[in-house]
Amino acid sequence: MSDYIPYGLHWIDDEDIKEVIKVLRGKWIATGPKIKEFEDVFAKYIGCKYAVSVSSGTSALDIAIASLDLKKDSEIITTPFTFVATSNMILLNGLKPVFVDIKPDTYNINPDEIEKKITNKTKAILYMDYAGQPCDIDEIKRIAKEHGLYLIEDAAHALGAEYKNRKVGCFADLTCFSFYPVKHITTGEGGMVTTNNEDLYKKLLMLRNHGIDKPTSERFGSKAFYAYDMKLLGKNYRITDFQCALGISQLKKLENFLKLRENIASTYSKEFKNDDVKTPDVKQNIRHAWHLYTLLLPDRVDRDKFFSLMRSRNIGVNVHYTPVYRHSYYRERYTIKSSDFPVTEDIFKRTITIPIFPRMTKEQVNKVISEVRSASRNQA
Ligand SMILES: *Cc1c(COP(=O)(O)O)cnc(C)c1O
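Just so you know, these numbers come straight off a predicted model, no measurement behind them.

1. Focus: the pattern of salt bridges
With the rule as written, the count across this model stands at 32 salt bridges. For Lys103, the salt bridge goes to Asp136, with nearest N and O atoms at 2.9 Å. Linking Lys103 in the loop between β3 (96-99) and α5 (111-116) with Asp136 in the loop between β4 (122-128) and α6 (137-147), this pair joins segments that are 33 residues apart in sequence. Exposure remark for Asp136: the relative accessible area of 24% places this residue in the partly exposed category. Between Arg142 and Glu139 there is a salt bridge, with its nearest N and O atoms 3.1 Å apart. Of the two residues, Arg142 and Glu139 are both situated in helix α6; the distance of 3 residues between them amounts to about one turn of the helix. Residue Glu139 is classed as partly exposed on the basis of its relative accessible area of 28%. Among the charged side chains, a salt-bridge network with shared partners connects Asp13, Glu15, Asp16 and Lys253.

2. With respect to the domain arrangement of the chain
For the chain, the assigned domains are domain 1 (14-251) and domain 2 (254-378). Here domain 1 and domain 2 have C-alpha centroids that lie 26 Å from each other. Across the boundary between the two partners, domain 1 contributes 40 residues, which contact 35 residues of domain 2. In this assembly, domain 1 packs against domain 2 so that about 3200 Å² is buried in total across both faces, 62% of it on carbon and sulfur atoms. Three residues, Phe81, Gln133 and His184, lead the burial of domain 1 against domain 2; their summed loss comes to 18% of the area buried on that side. Counting every contact that joins domain 1 to domain 2 gives 1 salt bridge. Note that Asp105 is salt-bridged to Lys283, the shortest N-O span being 2.8 Å. Where the side of domain 1 that touches domain 2 is concerned, the elements lending two or more residues are α4 (85-92), β6 (162-163) and α8 (241-251).

3. Remarks on unusual backbone geometry
Look at the link from His320 to Tyr321: it is a cis peptide, with omega at 5°. Even without glycine at this site, Trp290 takes up a positive phi of about 45°. Secondary-structure assignment places Trp290 in the loop between β10 (286-287) and β11 (293-296). Residue Trp290 is classed as buried on the basis of its relative accessible area, which comes to 7%. Of note in this structure, Asn314 is not a glycine but carries a positive phi near 65°.

4. Considerations on the side chain of Glu19
For Glu19, the position within the fold is in helix α1 (residues 14-24). Within the structure, the side chain of Glu19 is placed 3.1 Å from the side chain of Lys22, a separation counted as a polar contact. If we skip the residues at most four places from it in the chain, Glu19 touches Ala245 and Ser249.

5. Observations concerning the site of the ligand
Residues in contact with the ligand amount to 16 residues; listed here are only the nearest, Gly57, Thr58, Asp154, Ser178 and Lys183. His157 has a polar side-chain atom sitting 3.0 Å from an oxygen atom of the ligand. The side chain of Tyr321 places a nitrogen or oxygen atom 3.4 Å from an oxygen atom of the ligand. When the ligand is considered free in solution it has 380 Å² of accessible area, and contact with the protein chains removes 92% of it.

6. Here's the deal with a nonpolar patch on the surface
Together, Ile12, Ile17, Ile21, Leu24 and Ile29 make up an exposed nonpolar region whose accessible area comes to about 380 Å². Tracing the backbone through its elements, the reader meets Ile21 in helix α1. Relative accessible area serves as the criterion here: at 35%, Ile21 is assigned to the partly exposed category.

7. Some details on the pairing of strand β1 (residues 50-54)
The buried count for β1 comes to 5 of 5 residues, which makes it a mostly enclosed element. Residues of β1 alternate between two faces, with Tyr50, Val52 and Val54 on one and Ala51 and Ser53 on the opposite face, all of them buried.

8. So, the packing of aromatic side chains
The tally for this structure, following the rule as stated, stands at 20 aromatic pairs. With a centroid separation of 5.2 Å and 70° between ring planes, the pair formed by Phe42 and Phe177 is classed as edge-to-face. With Phe42 in helix α2 (residues 33-46) and Phe177 in strand β8 (residues 174-178), the pair connects residues that are 135 residues apart, well separated along the chain. For the pair shown, Phe42 and Phe177 are each scored as buried. The structure contains a cluster of three or more aromatic residues connected by ring pairs, namely Phe99, Tyr325, Tyr329, Tyr330, Tyr334 and Phe341.

9. Some thoughts on the packing of helix α3 (residues 57-66) against α4
Contact geometry for α3 and α4: axes closest at 9 Å, N-to-C directions at 40°. As far as their axial angle goes, α4 and α3 are oblique. Regarding α3 and α4, the two cross each other, and that crossing is right-handed. For the pair formed by α3 and α4, the contact residues are Thr58, Leu61, Asp62 and Ile65 on the first element and Ala85, Thr86, Met89 and Ile90 on the second. Residues that form the contact of α3 with α4 fall into these classes: 5 nonpolar, 2 polar and 1 charged.

Thresholds applied
- Residues numbered from 1 in each chain as written.
- Predicted model: local features only at pLDDT ≥ 70, side-chain atom pairs only at ≥ 80, totals over all residues.
- Heavy atoms only, no water.
- Salt bridge = Lys/Arg side-chain N within 4 Å of Asp/Glu carboxyl O.
- Helix = DSSP H or I, 4+ residues; strand = E, 2+ residues; numbered from the N terminus.
- Buried < 20%, exposed > 50% of the residue type's maximum accessible area, 1.4 Å probe, protein only.
- Domains from an automatic or database assignment.
- Contact = heavy atoms within 4.5 Å.
- Buried area = accessible area lost by both parts, 1.4 Å probe.
- Polar contact = N/O pair within 3.5 Å; in protein donor to acceptor, adjacent residues only side chain to side chain.
- Near = heavy atom within 4 Å.
- Areas by Shrake-Rupley, 256 points an atom, 1.4 Å probe, with all protein chains shown as cover.
- Patch = residues over 30% accessible without salt bridge, like charges linked within 9 Å, V, L, I, M, F, W, Y side chains within 5 Å.
- Phe/Tyr/Trp six-rings, centres within 6.5 Å; stacked < 30°, edge-to-face > 60°.
- Axes fitted to C-alpha atoms, helices over the stretch in contact; angles between N-to-C directions.
- Parallel < 35°, antiparallel > 145°, perpendicular 65-115°, else oblique.
- Left-handed = near helix turned anticlockwise from the far one by under 90°.
- Nonpolar A, V, L, I, M, F, W, Y, C, P; charged D, E, K, R; others polar.

What follows is the structure in structure tokens.
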């Protein structure tokens, strides 16, 4: 029996490992010089002014939202077709997520639906670039400007993606990235917030470190003074120095990782072109980062049966995502009608994620293609 092919997988090589070991042998393993170095190379890669590294993509979202200092019960408009962390962080900040249906072509939030949900409590839009395809950023920015709303981008899927030849990372006031192993680059757990706004940047630095105004590095050594002030109510969301060494090393490989993902995606799209599974729509003027490759199954195919059949053949298919409002925590506390989200519901019932990751071999890609065809024929 052949090995299980996961839907996503990190790629760490000897060079990465050497960089981590160097830090582990040194004096600084928690907050040290690699933190700022990682942030600097990351900001430079994105083409924005500031980057703040944190312990996960979830903590990135948490401090990004917290930095806006929104009044309790303010509303943030977001997509239900995302990982739960996106809207959980809205709730954990004492705010209300207001879900808006997605577009049938990209599965990204539908700008036409955003305007209908704006009230005088709406303060921000938190949009997510599904699978690595940027949202309609110009349109979302226009709405935000017209209504005086902040923008937060959950770019956990979109490191390296571009919109009109500019990298995702500084279109919104705050952009959040994740370095979880299935994402484009990894630090084990880890995340980053990018911004061009100096005030928000200063708050983010404090919010990841208990709300304290002075980084640990400035409180160390013979000349430093003990005093620091806690200005904001913060958590410990710091990432470690050895993780940042890994991040710096991984970032050097990102362009190659993106190209390898692009190659696999284009092979899939070419192969499935004449089959009755629907391949992803890719818009003009964007670069897709291909975090996920999803197929839309035809009506004749039962997605859950297809899923189990593929898993039984060792293909690590997945479903991204069960709409957030379908989870019990949300169902038990909020009255959200799934019928208000007809596109999300339709896509959710028919979508399947098939494996894509940089280190995937040609044989693995071919195996996935033949198993998709066989599982789909099986239900004909
Ligand atoms: C991965 C992911 C997150 C959370 O990132 P973690 O690093 O796992 O905390 C948030 N939003 C989306 C859309 C994600 O895919």
